[in-house]
Structure formats: structure tokens, C-alpha cells
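Spelled out, the chains give:
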Amino acid sequence: MKNILLPTDFSKNSLNAAKFAIEFFKEEECAFHLLNTYTPAIVHSRFMAATIHGGLLEDNVRSESESGLEEFLNQINTYYKYPQHSFNCVSSFNLLTEEIKELVEAKDIDFIVTGTKGSSGFEEVFLGSNTVRIIKAVRTCPILAVPEDFEYIKPVRIGFPTDFKRNFSVEVIKPLIQLTAKFGATINIMHISEEEELNKYQHSNKDILLEYVSSVSHCLHSMPYFASKSDVIEFFIKEFDIQLLALVHYRHGFLEELVKEPVVKRIAFHTPIPLLVLPD
């Protein structure tokens, strides 16, 4: 049985992500953990006794969180009722990323599925988004970031950009291979050609990756570098009709380089397809 974590702030995009997750895993036995965290604001008043009024404030926010989760689950149940799926609601007085990291370990979470809100044009909104916070904070569990208003379709072409500068581990690639096999999809490996040819280390890493994915359908593309890596990836997605994009989150690796560009915010918020972040 798979354990799927669905963080929610009860917004439209988090409901859409939940719908996506249920369809994505509709043929598997799953326990979905609906998570809402709350952190009541500290009220600065010399007339308020923290031990009494502060407790009442927390009780009120907890009650809102719990009732919100109940309503959120009711909304889900109006759309989907797969007998192999079960749901558990978690309301927690904690920071979102801290609670997620605790639940990933305690519940043996297999995937986190979260929604993205779309572009607002302001950098601080991107950097402050829950999706990017989760991507940066969680390094032990695959994350699926689902664009706002994305309607589920079965992914048959999965994009996998890489610079071949890291030695691939089978454990890192395993979720990607499993999903590819599950959907009968093809992994479209995409290398951005920043140099005229690969060095020996890159050739070795390419051969290792091709060996790992040999059990599923796959193809290799070499894309010329132009403007920015995010522009190349966006062109690649459109040119080859990619329906799911996968990136490995190595420390100081390709994904973090793209974050600095910053490409994760552009991919996570600008493309119309889901982003799968694979942990290192």
C-alpha cells in the first residue's frame, strides 16, 4: 500500500492537486494523508494573558483547521470513491515543512502531492510559496507539484532533463522507472548541450542511466543551449508533448542550479504539466 501526503490550505489549487493524486494512483491501494498546519499569530497586547487567551486563540484556529479538513474531504468524496483508497486527516500546530518532514518519516510517505498557484509576476511570491519551500526542505521523498487548473491525463511521455554530471543511483531513478512502467510511458531523456561533446565522466553517467532505464521505453534527446536552461526545458516540453517532467534534486546539482536561475519556480508555476522532484 502506498502512503500519499496531500498538504492543503483548502484552496482551489490544493483541491485540484488532491484530485490529480487520486486519479494518478487510482489503480493502487493508497492511504491519503490530508495535512493542514496552523500557526496562530502572536497577539501583542499587555492586556491579554497568554496562558488563557492564547490558548483560546489556538483552540479557535485548531477548530477551523479540523473543520476545514472535514469539508475538504467531503469535497473529495463528491468526486471520487475508489474502494482501494482511504483517507486520514491531520491537523497540526506546526510549521508546514517541519510537519511534512515528520510525517514523511512517521507514516513512511511514498509521495507528496502539492498544488501550485500560478504566476503572479513577483519573485517574492515564488520564493515564499509552499511548493518551493517543500521542494527545498524535503530531500527523502518524491514530490509531485501539480499546476493550477491542470486536468489529469495519463502521462505517456515523461521528460527527464539531465546534464550527466552526476553518477546516477538506482534508488534515485527507481520511482521514475516504476511510474514509467505503471503507465506504459516513455522516458524522454533530455541533455542540454552546453559543450561540444561529453567528457568521459559524463559518458559513463549516461551509460549508467541508460542501463537503469533499459527495462522501460526510453529515448535520448540532445538539445542546443540557448538563452537559459529553463527556456530550453520549456521548448522541449512543447516540442515533444511532454506530460510529466522529472528532475533529480541533487545537492549543488542540476536542479539547484535551475533554482538559482531560478527555473523551479518557472517550471513549477509556468508549465501546464506536473513536475516530479526526485530526492537524492
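Residues numbered from 1 in each chain as written. Predicted model: local features only at pLDDT ≥ 70, side-chain atom pairs only at ≥ 80, totals over all residues. Heavy atoms only, no water.

1. A word on the sheet that holds strand 7 (residues 186-193)
Rules: By definition, two strands form a pair when at least two bridges between them are found by DSSP. Secondary structure follows DSSP: runs of H or I at least 4 residues long count as helices, runs of E at least 2 residues long count as strands, and numbering of each begins at the N terminus. Here, axes are lines fitted to C-alpha atoms. For helices the fit covers the stretch in contact, and angles between N-to-C directions go from 0 to 180 degrees. Contact criterion: two residues are considered in contact whenever any of their non-hydrogen atoms come within 4.5 Å of each other.
One open sheet holds the 10 strands; their spatial order is 3-2-1-4-5-10-9-6-7-8, and the pairing between them is mixed. The sheet terminates laterally at strand 3 (85-93) and strand 8 (217-224), the two strands that pair on one side only. Each strand of the sheet is rotated relative to its neighbour by a mean of 25 degrees, with strand direction disregarded. For strand 6 (residues 157-162) and strand 7, the ladder comprises 6 bridges, and the chain directions are parallel. Opposite Pro 161, over in strand 7, you have Met 190 as the bridge partner. Against the sheet, helix 5 (residues 130-137) makes contact with strand 1 (2-7), strand 4 (111-115), strand 5 (143-146), strand 9 (244-249) and strand 10 (275-279), and its axis sits at roughly 155 degrees relative to strand 4, the strand it touches most.

2. Some words on the nonpolar core
We apply this condition: By convention a nonpolar core is built from buried Ala, Val, Leu, Ile, Met, Phe, Trp, Tyr and Cys residues, the set being connected through side-chain atoms within 4.5 Å. Here's how the labels work: a residue is buried when its accessible area is under 20% of the maximum for its type, exposed when over 50%, partly exposed in between, all with a 1.4 Å probe on protein chains only.
The biggest cluster of nonpolar side chains holds 46 residues, and the ones touching the most others in it are Val 113 and Phe 160. Ranked by the residues each element gives to this core, the list is headed by helix 1 (residues 12-24), at 7 residues. Excluding residues that lie within four positions of it along the chain, Phe 160 makes contacts with Phe 168, Ile 173, Leu 176, Ile 187, Asn 188, Ile 189, Met 190, Leu 209, Ala 246, Val 248 and Leu 278. By size, the runner-up hydrophobic cluster in this structure holds 28 residues, among which are Ile 192, Ile 237, Ile 242 and Val 277.

3. Considerations on helix 3 (residues 96-106)
Note on helix geometry: an α-helix contains 3.6 residues per turn, so any two residues three or four positions apart are oriented the same way. Going by this rule: The reported arc concerns the directions from the helix axis to the C-beta atoms and nothing else.
When helix 3 is considered as a whole, its buried residues turn out to be Leu 96, Thr 97, Glu 99, Ile 100, Leu 103 and Val 104. One face of helix 3 carries all of its buried residues, which in axial projection span an arc of 160 degrees. Pointing more than 90 degrees away from the buried face of helix 3 are the exposed residues Glu 105 and Ala 106. On its buried side, helix 3 packs onto strand 1, strand 2 (30-38), strand 3, strand 4 and helix 5. Once helix 3 finishes, Asp 108 follows within two positions and takes phi at roughly 50 degrees, a positive value.

4. Overview of the packing of helix 3 against helix 5
The criterion, for reference: For classification, angles of less than 35 degrees are called roughly parallel, those exceeding 145 degrees roughly antiparallel, those between 65 and 115 degrees roughly perpendicular, and all remaining angles oblique. Working rule for handedness: look at the near helix, and if it is turned counterclockwise from the far one by less than a right angle, call the crossing left-handed; if clockwise, right-handed. Ten residue types, Ala, Val, Leu, Ile, Met, Phe, Trp, Tyr, Cys and Pro, are classed as nonpolar, four, Asp, Glu, Lys and Arg, as charged, and the remainder, Gly among them, as polar.
Contact geometry for helix 3 and helix 5: axes closest at 10 Å, N-to-C directions at 45 degrees. When the interaxial angle is binned, helix 3 and helix 5 end up oblique. Remark: the crossing between helix 3 and helix 5 carries right-handed chirality. Contacts between helix 3 and helix 5 pair Leu 96, Thr 97, Ile 100 and Lys 101 from the former with Asn 130, Arg 133, Ile 134 and Ala 137 from the latter. Of the residues that constitute the contact of helix 3 with helix 5, the class distribution is 4 nonpolar, 2 polar and 2 charged.

5. Describing the packing of aromatic side chains
Test applied: Pairs were defined over the aromatic rings of Phe, Tyr and Trp, the Trp ring being its six-membered one, requiring ring centres within 6.5 Å. Orientation was assigned from the angle between planes: stacked under 30 degrees, edge-to-face over 60, tilted for the rest. We count a charge as sitting over a ring when the NZ of a lysine or the CZ of an arginine lies within 6 Å of the ring centre and within 35 degrees of the ring normal.
Per the counting criterion, the structure on display carries 13 aromatic pairs. Centroid distance Tyr 79 to Tyr 80: 6.2 Å. Interplanar angle 40 degrees. Geometry classified as tilted. You can call Tyr 79 partly exposed: its relative accessible area is 48%. Of the aromatic side chains, those joined through ring pairs into one cluster are Phe 20, Phe 24, Phe 25, Phe 111, Phe 150, Tyr 152 and Phe 183. The ring of Tyr 79 carries the charged tip of Lys 19 above its face, separated from the ring centre by 3.5 Å. Positioned above the aromatic ring of Phe 24, the side-chain terminus of Lys 182 is 5.9 Å from the ring centre.

6. Description of the side chain of Thr 180
Take Thr 180: it is sitting in helix 6 (residues 170-183). By relative accessible area, which is 1% here, Thr 180 ends up buried. Look past the residues within four positions of Thr 180 in its chain and what remains in contact with it is Ile 158, Ala 185, Thr 186, Ile 187, Val 216 and Ser 217.

7. Describing the pairing of strand 4
With 5 of 5 residues buried, strand 4 lies mostly within the body of the structure. Taking every second residue as pointing to the same face, both faces of strand 4 are buried, with Phe 111, Val 113 and Gly 115 on one and Ile 112 and Thr 114 on the other. Sheet topology places strand 1 next to strand 4; 2 bridges connect them, and they run parallel. Paired with Ile 4 across the strands is Phe 111, a residue of strand 4.

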